[in-house]
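Analysis of the macromolecular model
Listed below are the residues making up each chain.
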Amino acid sequence: MEGYLKEEAISDKTEEEKKIELIMSVLKTKKELELAIRNFETAERGLVDYYIYQIKASKSKLDYLVNKARDKGISLDMIQELYFRKNQVG
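Cut-offs and rules
- Residues numbered from 1 in each chain as written.
- Predicted model: local features only at pLDDT ≥ 70, side-chain atom pairs only at ≥ 80, totals over all residues.
- Heavy atoms only, no water.
- Phe/Tyr/Trp six-rings, centres within 6.5 Å; stacked < 30°, edge-to-face > 60°.
- Buried < 20%, exposed > 50% of the residue type's maximum accessible area, 1.4 Å probe, protein only.
- Axes fitted to C-alpha atoms, helices over the stretch in contact; angles between N-to-C directions.
- Helix = DSSP H or I, 4+ residues; strand = E, 2+ residues; numbered from the N terminus.
- Parallel < 35°, antiparallel > 145°, perpendicular 65-115°, else oblique.
- Left-handed = near helix turned anticlockwise from the far one by under 90°.
- Nonpolar A, V, L, I, M, F, W, Y, C, P; charged D, E, K, R; others polar.
- Core = buried A, V, L, I, M, F, W, Y, C linked by side-chain atoms within 4.5 Å.
- Contact = heavy atoms within 4.5 Å.

1. What about the packing of aromatic side chains?
- Evaluation of the coordinates by the stated rule reveals one aromatic pair.
- When the ring of Tyr-50 is compared with that of Tyr-51, the centres are 5.1 Å apart and the planes differ by 70°; the resulting orientation is edge-to-face.
- Classification of Tyr-50 as partly exposed rests on a relative accessible area of 41%.
- Taking relative accessible area as the criterion, Tyr-51 reaches 14% and is therefore assigned buried.

Written out as structure tokens, the structure is:
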């Protein structure tokens, strides 16, 4: 049997990197929700249920992420949001 050697230790993310990743996840999920809502508004008959599912799933995910961010003391005002969207930090 062939074995695999780990070349170097995997480092954990810093708290700042975790916060940035969480903020980016919130922004990405908000964008997915907005897209699902737009698609629902113009959906053909056979896709209505699909977009309803996507909207519900995105809302649940966004609620979870926002609560997680709130628990970590992260607040995201409009200026920060625009900065992160513009610079795609993370």
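Let us keep going from here.
2. A look at the packing of helix 1 (residues 15-41) against helix 2 (residues 48-71)
- Where helix 1 meets helix 2, the axes come as close as 9 Å, and the angle between the chain directions of the two elements is 155°. One element, helix 1, and the other, helix 2, form an angle in the roughly antiparallel class. Of the two elements, helix 1 crosses helix 2, and the hand of that crossing is left-handed.
- Its residues assigned to classes, the contact of helix 1 with helix 2 shows 14 nonpolar, five polar and five charged.

3. A closer look at the nonpolar core
- Grouped together as the largest cluster of nonpolar side chains are 14 residues, with contacts concentrated most on Leu-22, Ile-23, Met-24, Leu-27, Ile-74 and Phe-84.
- Contributions of two or more residues to this core are made by helix 1 and helix 2.
- Residue contributions to this core peak at eight residues, all from helix 1.
- Setting aside its immediate chain neighbours within four residues, Ile-23 contacts Ile-74, Leu-76 and Phe-84.

4. Examining the side chain of Ser-58
- Turning to its location among the elements, Ser-58 is positioned in helix 2.
- Not counting residues within four places of it along the chain, the set of residues in contact with Ser-58 comprises Thr-29, Glu-32 and Leu-33.

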